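# Inside the fold
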Amino acid sequence: MGEQRISKLTGPTLDQLYSLFGGRLFERLRHILWAGLLSLALYGISFLQPMDQVFWLIQSRVAERAPSGDIVFIGSDEALNDPRSPQRRYELASALDELDRKGVGKVYLDITFAESDDPAADERLARAISDLGPRITLVDRRTLGAAVDEVVRATSPAIAGAAGRVVSDQTDRDWSGLAWELHYSYVVNGKQVPSFASSMAGIAGDPKRVFSIDYGIPPPRIPAVPVAALSGQLSLVQTTPVEITGKTVVIGHSGQVAGNQQRIPSLSNAPSSYVDIYGAETLKAGYTRTLSGPAILTILSVLLVLAFVLCKTRKQRWIAYAAVVIFAPILLFVTAKIGVRVELSYGVGLLLFYALFRSRRRWKRRLEMVNLETGLPKIRALEARLVRDSVATGHIVIAKIQNYERVLKTLRSDDKGSYVLKLVDRLRAADPHLAVYSEGHHLGWHVANDETEAVIEHLEGLRAIFAAPVQVGGFSVDVGITFGIASIDGDPSARLAAAVAAAEETSEALNPIAIAETGSQTDLLWDISLRARIDEAMEAGEIYCVYQPKIDLGSDSIVGVEALVRWHDPARGFISPMHFIQQCEKAGRMEHLTRYVLQSACSAGQLLHFRGHMITMSVNISATLLGDMRIVGLVRNVLQATRFAPQSLTLEITETARISDHNVAASILEELKSIGVRIAMDDFGVGSASFEAFYELPFDEIKIDRLFVSNIGKDPKALAIVSSIAAMGRDARITVVAEGLENPQDVPLLENAGCQQVQGFAFSRPLSLSNLLDYQDLNIERPVANIV
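Quick caveat, the model's predicted, so the values are computed rather than measured.

Quick notes on the rules
- Residues numbered from 1 in each chain as written.
- Predicted model: local features only at pLDDT ≥ 70, side-chain atom pairs only at ≥ 80, totals over all residues.
- Heavy atoms only, no water.
- Helix = DSSP H or I, 4+ residues; strand = E, 2+ residues; numbered from the N terminus.
- Rg over C-alpha atoms; globule rule 2.2 N^0.38 Å.
- Buried < 20%, exposed > 50% of the residue type's maximum accessible area, 1.4 Å probe, protein only.
- Contact = heavy atoms within 4.5 Å.
- Pairing = 2+ DSSP bridges.
- Axes fitted to C-alpha atoms, helices over the stretch in contact; angles between N-to-C directions.
- 1 Å grid on protein atoms, 1.4 Å probe; cavity = no way out; pocket = protein on both sides within 12 Å on 5 of 7 lines; lining within 4 Å.
- Points joined across faces, edges and corners; volume = space filled by probe spheres on them.
- Nonpolar A, V, L, I, M, F, W, Y, C, P; charged D, E, K, R; others polar.
- Patch = residues over 30% accessible without salt bridge, like charges linked within 9 Å, V, L, I, M, F, W, Y side chains within 5 Å.
- Areas by Shrake-Rupley, 256 points an atom, 1.4 Å probe, with all protein chains shown as cover.
- Salt bridge = Lys/Arg side-chain N within 4 Å of Asp/Glu carboxyl O.
- Expected span 1.5 Å × (residues − 1).
- Arc of directions from axis to C-beta.
- Core = buried A, V, L, I, M, F, W, Y, C linked by side-chain atoms within 4.5 Å.

## Focus on the overall build of the protein chain
- Along its length, the protein chain carries 27 helices and 31 strands.
- Since a compact globule built from 788 residues should have a radius of gyration of about 28 Å, the 47 Å found for the protein chain marks it as more spread out than a globular shape.
- Projected onto its principal axes, the C-alpha coordinates of the protein chain cover approximately 150 × 70 × 45 Å.
- Scored against the burial criterion, the 788 residues of the protein chain give a buried share of 51%.
- Within the protein chain, contacts between residues separated by at least 24 positions form 74% of all contacts whose residues are at least 6 apart in sequence.

See the structure below:
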């Protein structure tokens, strides 16, 4: 029946489906994941540590912190431990005595002494060390030997006496000679010995533990005096007085002594003792925290994800990306001020890898956006442009080049692109600057005009231009072109897909210009998942049949019913049969739905027969199923399963204009008739049910379309058409049914016209099976009131 007629439908392309479910989002997430994994791999092998060390240098310049003032460095520009200059040991002994006299808190002698040629000088130094007692600690140096083996250089026991010892590590340096980490303690000769820095800070720790060194204190701000100021040579040295009492004093060589230079940020020839002094100051201030590479990767990854999840347009994303990039130096500056070392290089690596992945994808997308044969941008580039520019008005036009594939087969490879370009030149007849996009047998462009009628008028003019053939490769090629139109309505992606689908439904003879249906994003998502929903609805009983009686005008009795399919979805309510049937056809589920309806109808017919109501059951069959013999097997299997009499089943063929091969359809219908079923032609008299089909196919019944039946009482032409069709049916000895009768007073007109059976609201609306069984017990009287 007409309610089940399958009309045109616009549907999404595969690219549109991917876009709807966030394909770009998952692509960016995948790029972040790969960028993070690569950065983690580099972190695992410390590949970017040199870059981190550069960032740490920057942090040390930015920090500008003040020292604690508890540690004072006393340096000598001469090598005090030179065995050939024993008099310098006397000078050092005098300095130690002076420190003792001034009440020094703690002394660290960061110079190792071997015995000299002057035992008296050694004894004098040993006595000065001994006089300081537990307040002095000697520093043993861990250095690299000639064979690159680690060795510990220590002061001779004859000089050191019972003084305590600590270890200064001179080996752990980076590629530039800088030290960035120190241990809390070391194991020397099987004994745990505190490190120089941790001893000065008064913090103990396991030998396996390390801490980072904060170089945020400018070197000139570390309190320092020359050793000569304490050895009685004040008249030779200009110096600023430094308070010594209660302080920790480090005595060592300055950077002027050969082999004692140590590079630190801001100073290339600092005393080697400064590394440990900075380490001690770091421990005292508590600036030992590090923001590790994995933590940085996590923070930046989250920021990137937020950037492209929350930002919907390209401009917004670029601003967000710029903010993430700016965040990195801000983080470097803030962590420098609060004394936290940051391993930022792996975050930079993440951003670089992500940028590379995105750049590569954009490059590939640009290649994908260009038709290599013509050099024209592809249809998907039109979508990208409309989305990027936030175009919300106007129309999308898709031109379908008819017989495109067949034409290409006859052209040389060099002429294929030329063929399309000649067509594009014609499209640009009115606007030479029109941006045309090409993909396969489609050409597309955007029209700014919001008036659909004006766009159609323009396209009609273009069709006239294409009436003349084009010359390609010395041949004259006829051109057929049709158009699909979709108003953008604020959703260019969905409407582009709709325009493409509309163009696919066009034909040169019948429908050269098709306008796409409008629909919301929710409707589109519903249609996408329709196949699964239909199967679920059948299982749940949400799809069911109702039955409309057919009345014999001669006996005033019900002689049959037509099964009509309905769908009541719990969320969306009643769904139009026209909509879900055409969607079902698009989803490739038409045969499945037909089997379901046929089985329901035949089971209902069998029940009616069991109750004694020997009436016929009519079921609609789409003409699209008449291209394959499978429909015969389907009908036969259902009849066998339900045990319904074949002679009581009528198959109403809808949309006969869609039958592609009448010979094949005729053989299939004859096979169906051999089973015993009757064949009816639905909606006769309108465009989709032609006289040609009536003549060539073996119909037992025709149903006059409701367009004429509903108007016979008020339009003489409608009455004349109904009378003509009834006479034709009577002469052809087939049953004539008038469907769509709404006014009971029109029943005599149909009788006089020669219609044998009638169907419509004048007698009954479609009924459920239980209501139909009750309705069967009623006597039909004329005139008949509407029965709901």
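## Section: the sheet that holds strand β21 (residues 480-487)
- Pairing is mixed across the open sheet formed by 5 strands, whose spatial order is β17-β18-β16-β21-β22. Edge strands, defined here as strands with exactly one partner in the open sheet, are β17 (437-439) and β22 (513-515). On average, each strand axis in the sheet is inclined to that of its neighbour by 20°, with strand direction left out of account.
- Summarising the sheet, strand β16 (residues 395-402) and β21 pair through 8 bridges and their orientation is antiparallel. Residue pairing across strands places Q402 opposite G480, the latter belonging to β21.
- Helix α14 (residues 413-427) rests against β16, β17 and β18 (442-447) of the sheet, and its axis sits at about 25° to β18.

## Here's the deal with the layout of surface pockets
- For the second largest pocket, the calculated volume is near 400 Å³.
- What lines the second largest pocket is a set of 24 residues, and nearest its centre among them are G75, S76, D77, P226 and S254.
- Among the secondary structure elements, those contributing two or more residues to the lining of the second largest pocket are β1 (71-76), β10 (224-226) and β13 (267-271).
- Taken together, the residues of the lining of the second largest pocket break down into 13 nonpolar, 8 polar and 3 charged.

## Observations concerning a nonpolar patch on the surface
- Nonpolar side chains collect at one region of the surface, where I326, I330, F333, V334 and I338 lie side by side and expose about 450 Å² of accessible area between them.
- Looking at the element boundaries, F333 is found in helix α10 (residues 314-338).
- For F333, a relative accessible area of 45% corresponds to the partly exposed category.

## Quick notes on unusual backbone geometry
- Notably, S390 is not glycine yet its phi reads approximately 55°, a positive angle.
- By the secondary structure assignment, S390 is in the loop between α12 (379-388) and β16.
- Phi at R733 is positive, roughly 60°, even though this residue is not glycine.
- Along the chain, R733 turns up in the loop between α25 (716-731) and β30 (735-739).
- Under the relative-accessibility criterion, R733 is labelled exposed at 78%.

## Observations regarding the side chain of S648
- As for its position among the elements, S648 is in the loop between α21 (630-642) and β27 (649-654).
- We classify S648 as buried; its relative accessible area is 13%.
- Each residue touching S648, except ones within four places of it in the same chain, is listed here: H609, I615, T616 and M617.

## Overview of α21
- The end-to-end C-alpha distance of α21, which contains 13 residues, comes to 18 Å, matching closely the 18 Å that a straight helix rising 1.5 Å per residue would cover.
- Considered for burial, the residues of α21 that qualify are I631, V632, L634, V635, V638, L639 and T642. Looking straight down α21, one finds that the buried residues subtend no more than 165° of arc, so they occupy a single side. Residues of α21 that are exposed and point over 90 degrees away from its buried face: R630, Q640 and A641.
- If you follow the buried residues of α21, they end up packed against α20 (590-610), β26 (616-622), β27 and α22 (662-675).
- Phi for R643, located one or two positions after α21, is positive at around 60°.

## Considering the pattern of salt bridges
- With the rule as written, the count across this model stands at 26 salt bridges.
- The shortest N-O distance in the salt bridge between D82 and R84 comes to 3.3 Å.
- Classification of D82 by relative accessible area gives buried; the value is 17%.
- Given the relative accessible area of 72%, R84 is considered exposed.

## Re the nonpolar core
- Grouped together as the largest cluster of nonpolar side chains are 80 residues, with contacts concentrated most on M617, L649 and L750.
- Sort the elements by how many residues they give to this core and α20 lands first, with 8 residues.
- The residues touching L750, leaving out its near neighbours within four places in the chain, are L553, V709, I712, V722, A738, L741, C755 and V758.
- Core analysis: the next-biggest nonpolar cluster, separate from the first, contains 33 residues, V193, I213, I217 and Y274 among them.

## A closer look at empty space enclosed by the protein
- Summed over the entire model, instances satisfying the criterion amount to 3 cavities of 30 Å³ or more.
- If you add up the space inside the largest cavity, you get close to 140 Å³.
- Along the walls of the largest cavity sit 17 residues, with Q59, I213, D214, Y215 and R341 positioned nearest its centre.
- Residue contributions to the lining of the largest cavity peak at 4 residues, all from helix α3 (residues 49-63).
- Here the residues of the lining of the largest cavity sort into 8 nonpolar, 5 polar and 4 charged.

## Thoughts on the pairing of strand β24 (residues 557-569)
- Most of β24 is tucked away: 10 of the 13 residues are buried.
- Pairing of strand β23 (residues 543-552) with β24, which is carried by 10 bridges, proceeds in the antiparallel orientation. Residue pairing across strands places I543 opposite W567, the latter belonging to β24.
- If you look at the hairpin formed by β23 and β24, you'll find 4 residues sitting between the two strands, and D556 has a positive phi there, around 55°.
- Examined bridge by bridge, β24 and β26 share 4 bridges and lie parallel to one another. Its bridge partner being in β26, E562 is matched across the sheet by S618.
- Alignment of β24 against strand β25 (residues 573-575), held across 3 bridges, turns out to be antiparallel. Opposite H568, over in β25, you have F574 as the bridge partner.

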